[in-house]
Amino acid sequence: MDTVDELLENPAIYAYLHRLVGDEGIELLKKFPSEGEHSDEDLAAETGINLNSVRHSLYTLYEKRLAEYHRIKNNETGWLTYLWQIRLDRIPVAIREDLENILDKLEQRERFEEENDFYICKDCGIILPFAKALDLEFKCPECDNPIAHFDNDALLAALKQRIAEIRETVAHAGSS
Ligand SMILES: [Zn+2]
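Residues numbered from 1 in each chain as written. Predicted model: local features only at pLDDT ≥ 70, side-chain atom pairs only at ≥ 80, totals over all residues.

Colleague: Now, about the sheet that holds strand E5 (residues 127-129): what can you tell me, with residues and values included?
Modeller: Ordered in space as E5-E4-E6, the three strands form an open sheet in which the pairing is antiparallel. Each edge of the sheet is formed by a strand with only one pairing partner; in this case those strands are E5 and strand E6 (148-150). Strand-to-strand, the axes of this sheet are offset by a mean angle of 40°, without reference to chain direction. Sheet topology note: the strand E4 (residues 118-120)/E5 ladder contains three bridges and is antiparallel. Residue pairing across strands places Phe-118 opposite Pro-129, the latter belonging to E5. (Pairing = 2+ DSSP bridges. Helix = DSSP H or I, 4+ residues; strand = E, 2+ residues; numbered from the N terminus. Axes fitted to C-alpha atoms, helices over the stretch in contact; angles between N-to-C directions.)

Okay, structure coming up:
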């Protein structure tokens, strides 16, 4: 398996993780001991990162199945300790799921843009679909000026381009 540093050199992986956990999360990943399981307190002490930030990053990674823990109970005190390890081997799956979600949303938007006719107030910049514009008798809900037909071809072309790029990326991610 690639080391954390090697993974972070990949711009797509870095961008994904940075969006997920931010600077301190990246810092935690870089400093995370390569062996074994570690409590959040130990990680904070070893990395010098604030404990709440460590916890927040771990939980965020956990939600994406990029970190996991198991609990151990101290038989004398009854206290629970959570021991963590990171699972960056799951990054390709997490990124793929992320892209598929984005793709879903873009495709819904594409359908909405394709199936609707739009009207714009050139003063306010408000854009309304036909049914809404009709309700308002083709007057702007903000300034009451008449609204004009809005040509969404450029927007639709940009959407289609973005969708094609993401589909391409997903296809490649699948083969790695
Ligand atoms: Zn207006």
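From this point, things continue past the structure.
Colleague: Residue-level account of the domain arrangement of the chain, with values.
Modeller: When its domains are assigned, the chain resolves into domain 1 (4-86) and domain 2 (93-175). Just the C-alpha atoms count here: the centres of domain 1 and domain 2 sit 38 Å apart. (Domains from an automatic or database assignment.)

Colleague: Any chance you could break down the sheet that holds strand E3 (residues 80-86) for me, citing the residues and the numbers?
Modeller: Strand order in the open sheet formed by three strands is E1-E3-E2, and the pairing between neighbours is antiparallel. Looking at the sheet topology across the chains shown, the edges are occupied by strand E1 (38-39) and strand E2 (67-73).

Colleague: Describe the packing of helix H2 (residues 11-31) against helix H3 (residues 40-47), listing the residues and the values that go with them.
Modeller: Direction vectors running N to C along H2 and H3 enclose 90°, while the axes themselves pass 10 Å from each other. The orientation of H2 relative to H3 falls into the category roughly perpendicular. Together, Glu-27, Leu-28 and Lys-31 of H2 and Leu-43, Glu-46 and Thr-47 of H3 make up the contact between the two elements. Of the residues in the contact of H2 with H3, the class split is two nonpolar, one polar and three charged. (Parallel < 35°, antiparallel > 145°, perpendicular 65-115°, else oblique. Contact = placed C-beta atoms within 7 Å. Nonpolar A, V, L, I, M, F, W, Y, C, P; charged D, E, K, R; others polar.)

Colleague: Now, about the pairing of E2: what can you tell me, with residues and values included?
Modeller: Sheet analysis places E2 next to E3, joined by seven bridges and oriented antiparallel. Following the sheet pairing, Lys-73 is matched in E3 by Leu-80. Between E2 and E3, which pair antiparallel in sequence order, lie six residues; one of them, Gly-78, sits at a positive phi of approximately 80°.

Colleague: A description of the nonpolar core should follow, citing residues and the corresponding values.
Modeller: If you look at the biggest cluster of nonpolar residues, it comprises 16 residues, and the most contacted ones within it are Leu-28, Leu-29, Leu-58, Leu-61, Leu-66, Ala-67 and Ile-86. Among the secondary structure elements, those contributing two or more residues to this core are H2, helix H4 (51-63), E3 and helix H5 (91-115). Broken down by element, the residue count for this core peaks at four residues, all from H2. If sequence neighbours within four positions are ignored, Leu-58 has contacts with Asp-40, Ala-67 and Trp-84. Tyr-119, Cys-121, Cys-140 and Ile-147 belong to the second-largest nonpolar core, a separate cluster that totals six residues. (Core = buried A, V, L, I, M, F, W, Y, C linked by C-beta atoms within 7 Å. Buried ≥ 20, exposed ≤ 12 C-beta atoms within 10 Å, placed from the backbone.)

Colleague: So what about the pairing of E3? Which residues, and what values?
Modeller: Where E1 and E3 come together, two bridges link them in antiparallel fashion. Its bridge partner being in E3, His-38 is matched across the sheet by Trp-84.

Colleague: Could you give me a rundown of H2, with the residues and numbers involved?
Modeller: Helix length check: H2, at 21 residues, gives a terminal C-alpha distance of 19 Å against a target of 30 Å (1.5 Å per residue), a shortfall beyond 12%. When we look at burial in H2, the residues that qualify are Leu-17, Val-21, Gly-25, Leu-28 and Leu-29. Packed against the buried residues of H2 are helix H1 (4-9), H3, H4 and E3. (Expected span 1.5 Å × (residues − 1).)

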